[in-house]
Amino acid sequence: MSSVDDINEDKIEVGKPREWAAGVPGVTHAMGPAFRQMGVPRSLKALTAMNQRDGFDCMSCAWPDPEHRKTFEFCENGAKAVTWEATPITVPTEFWAENPISELLTKSEYWLGMRGRLVQPVHKPAGSEHYRPITWEDAFALIGDTLRGLDSPDEAAFYTSGRTSNEAAFLYQLFVRAFGTNNLPDCSNMCHESTSHAMAETVGIGKSTITYADFALADLIIIMGQNPGSNHPRMLTALEEAKDAGAAIVAVNPLPEAGLMRYKNPQRVRGVVGAGTVIADQYLQIRLGGDMALMQALSRRVLDAEAARPGTVLDHEFLTENCVGLEELRAHLARLDDDAVLAATGLRAAEIDELAARYLRAEKVIITWAMGITQHKKAVPTIREIINLLLLRGNIGKPGAGACPIRGHSNVQGDRTMGIWEKMPPAFLDALEREFGFDPPREQGLDSVGSIRAMRDGRVKVWIALGGNLVGAISDTAVAEAAIQKTSLSVQISTKLNRSHAVVGEQALILPTLGRTEIDLQATGPQFVSVEDTVSAVHSSTGRLKPVSDQLLSEVAIVSRLARATLERTTSIDWAGFENGYDSIRDHIAHVIPGFADFNQRIRQQEGFYLPHAPRDLRTFPTPSGKARLTVNDLEPLERPPGRLLLQTLRSHDQFNTTIYSPHDRYRGIKNGRQVIFVNPEDLAELGLISGMLVDVHSEFSDGVDRVLRRFRLVAYPSARGCAAAYFPEANVLVPLDSVAEDSNTPVSKSVLVRLEPSR
Ligand code: SF4
């Protein structure tokens, strides 16, 4: 077990934010922890197999792999993710007796994760303060008995994290639906659900409309609400290559992020000894929540340019043949209030004019986005406006152009393709019925926010999580934790400890599983799994390291045994056969899910394969009208009363989702601490506060509940005026469970009205 101490916020050091990303420090920050924690031989074996054709897929973000791969095809954060998982340090048996759950609740995510890999199933009996070892057989029997004892299958909810492979995800949803519920919440509910909703409405499919190769073909790439330097670092290489090929790049972000300013590619001479590559040619420090106004202002300028030079600006053929809604959009944007746009965006008109001119000059435009767009109340209409702007000049369905949501977890997109969704369409359920001979439930199930509400209200009594850390990821931490504590049984299938293992039902189980890096040996031999990246490319992932314990089961094996323990007598599905060899799962996937024909043969091709995508491949749109929809969306700027700020939650550089690799964020100048709030110096002066002071951060919502972060350190930071930022999961306490994005039910973590009060 690791001897690392917990974070001591009194030791925090605050320096200057960086203006460039990666470079030689990126290499040392990647390799140092790897060598220290894994040793040199294990590190080299793991890292040289990462993102290679015969190796394993990075378990961190969903960034795609280039066709021409190098020996080192990973970034600093990928190396940290591998180190986190492949560490040989394990949680010893005595840990469970020495650490009551009440003690685990006092620890940070960082401390919990640094205890090492979980290597034995453990059980917390009712009334006990401790987990204790349990056999696999007894653990599955407990789950099966408890599930069968429920009054209705809808009294259980089954969460999935984005690390889960296609094979495990397909099996899991099959088990859950054979059990009788659609309660399949997942981490996607908290990240790109707004994207899925808005893109399905407008272009008919909620996935990126580009491939990896399109980046190098683009004239202009607009990066919105996204910080690739910390969250998808290999994207910087694609952006550098796009710039080499002549693309312009525009960043739209309230904070100046190092990776969006300059990239020092450690695999190129100019990145090691030179100045690197300037990434953003234009940087718009937009106000939080101002993106929809910006998109409308750009579309308005496109339409004005067309009016001034008829027939030369819009892609008339595309709009006529492939789209509906142009006249309604034109009429709506004719009434756009310029002053409202400037107030909402905090930008100067000249900055918007400059971006509009870039957009009009470019023949091929890509717009990418992430959580900075999807976690607002108006996230869905904002993404619809991104699509409007792209459609006006035919920037969807042609090389070098398109909409590119960047997913945050490696297989979050694949899990949804496999059926991890509380409202899979009837065609999918019909195909399941034909393939497996049972009638899947048809009623909509619960998403993540819905599951917390249901546990809070006593409607869901069993919580099973295939990976992830829901209480760390979701809003309103106190409500979420109390909800899970009301369940009769909570089950976590995990590689390492996190907060969700300390927040338990009356009984609780932790089931340790193999990691992506580890050899997965089953009855028919070593197995591989598959994943789908953010541009719909499906490829295989094969673990290369000896498992850290021979007690571990793969996710597929765990799901298969869960199903057998719960359903053996009620379905004829060969669950044991799935565990013995994963080809049998892929054969079923090929029958059920469009685009996976000959799955077992095609997944063995070197590059895997792209899933079909009608808007991207054919410029056809699977919407009810068969055409892409331009939409009309009402602008409702966020109100910010005097003396208040808008706060967004964000990750540090040494963080992946809720996993905290270290207490540092070197790109933002933070060392040894996380309890900070970044505020513009002029806002600080206006509020009568001083950088370095400790403040209590209160969020303000109409329900009148005082949600507060105590003793957070003010850090003067050059963010957009009126906009503050703090790390999640710590700042999740500020967001009420019912503060969700319209239509997508995603927690609104990016525009939280707060007031700051000096701490006593
Ligand atoms: S860019 Fe993402 S997927 Fe690629 S190595 Fe880095 S963290 Fe892993």
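Residues numbered from 1 in each chain as written. Predicted model: local features only at pLDDT ≥ 70, side-chain atom pairs only at ≥ 80, totals over all residues. Heavy atoms only, no water.

Topic: the UniProt feature "domain: Molybdopterin oxidoreductase" (unreviewed entry) in the chain
Move 1: Mapped onto the present numbering, the UniProt feature "domain: Molybdopterin oxidoreductase" (unreviewed entry) falls at residues 117-492.
Move 2: Taken end to end, residues 117-492 is 45% helix and 13% strand, and its first and last C-alpha atoms sit 14 Å apart. (UniProt positions renumbered as here; feature names shortened; annotations may be inferred. Helix = DSSP H or I, 4+ residues; strand = E, 2+ residues; numbered from the N terminus.)

Let's talk about a nonpolar patch on the surface
Move 1: A contiguous nonpolar patch, built from V24, V269, V272 and V273 and spanning about 380 Å² of accessible area, is present on the exposed surface.
Move 2: Positionally, V272 belongs in helix α13 (residues 269-272). (Patch = residues over 30% accessible without salt bridge, like charges linked within 9 Å, V, L, I, M, F, W, Y side chains within 5 Å. Areas by Shrake-Rupley, 256 points an atom, 1.4 Å probe, with all protein chains shown as cover. Salt bridge = Lys/Arg side-chain N within 4 Å of Asp/Glu carboxyl O.)

What about the sheet that holds strand β7 (residues 248-252)?
Move 1: Spatial strand order, β10-β7-β6-β12-β13: five strands in an open sheet with parallel pairing. Looking along the sheet, the strands with just one partner apiece sit at the ends: β10 (282-284) and β13 (402-405). Put simply, the sheet's adjacent strands are angled 15° from each other on average, direction ignored.
Move 2: Pairing geometry for strand β12 (residues 365-369) and β13, over four bridges, is parallel. Looking at the pairing, I367 lines up with A403 of β13.
Move 3: Across the sheet, helix α11 (residues 235-244) is in contact with β6 (220-224), β7 and β12; its angle to β6 comes to roughly 150°. (Pairing = 2+ DSSP bridges. Axes fitted to C-alpha atoms, helices over the stretch in contact; angles between N-to-C directions. Contact = heavy atoms within 4.5 Å.)

Observations concerning the nonpolar core
Move 1: Ranked by size, the top nonpolar core spans 62 residues in total, and within it L147, F158, F175, L511 and W575 carry the most contacts.
Move 2: When residues in this core are grouped by element, the largest group, ten residues, is from helix α8 (residues 166-179).
Move 3: Counting 53 residues, the second-largest nonpolar core is a separate cluster that includes L220, V341, L355 and Y359. (Core = buried A, V, L, I, M, F, W, Y, C linked by side-chain atoms within 4.5 Å. Buried < 20%, exposed > 50% of the residue type's maximum accessible area, 1.4 Å probe, protein only.)

As for the layout of surface pockets
Move 1: When its volume is computed, the largest pocket comes out at roughly 1,100 Å³.
Move 2: I205, G206, K207, W421 and P425 are the residues nearest the centre of the largest pocket, which is lined by 43 residues in total.
Move 3: Elements supplying a minimum of two residues to the lining of the largest pocket: α9 (193-202), α21 (412-417), α22 (426-436) and α30 (614-618).
Move 4: The dominant element in the lining of the largest pocket, judged by the number of residues it contributes, is α9, at five residues.
Move 5: Classifying every residue of the lining of the largest pocket gives 19 nonpolar, 14 polar and ten charged. (1 Å grid on protein atoms, 1.4 Å probe; cavity = no way out; pocket = protein on both sides within 12 Å on 5 of 7 lines; lining within 4 Å. Points joined across faces, edges and corners; volume = space filled by probe spheres on them. Nonpolar A, V, L, I, M, F, W, Y, C, P; charged D, E, K, R; others polar.)

Comments concerning empty space enclosed by the protein
Move 1: Within this structure, the stated rule accounts for five cavities of 30 Å³ or more.
Move 2: Taken as a whole, the second largest cavity holds about 230 Å³ of empty space.
Move 3: If you trace the second largest cavity, you find 19 residues lining it, with L514, G515, R516, D520 and V529 closest to the centre.
Move 4: A per-class count over the lining of the second largest cavity returns six nonpolar, eight polar and five charged.

As for the pattern of salt bridges
Move 1: Summed over the entire model, instances satisfying the criterion amount to 55 salt bridges.
Move 2: The partner of K107 in a salt bridge is E103, with the nearest N and O atoms 3.7 Å apart.
Move 3: With relative accessibility at 21%, the residue K107 sits in the partly exposed group.
Move 4: Taking the relative accessible area as the measure of exposure, E103 reaches 32% and is therefore partly exposed.
Move 5: One network of salt bridges, with partners in common, ties together E76, K80, D654 and R666.

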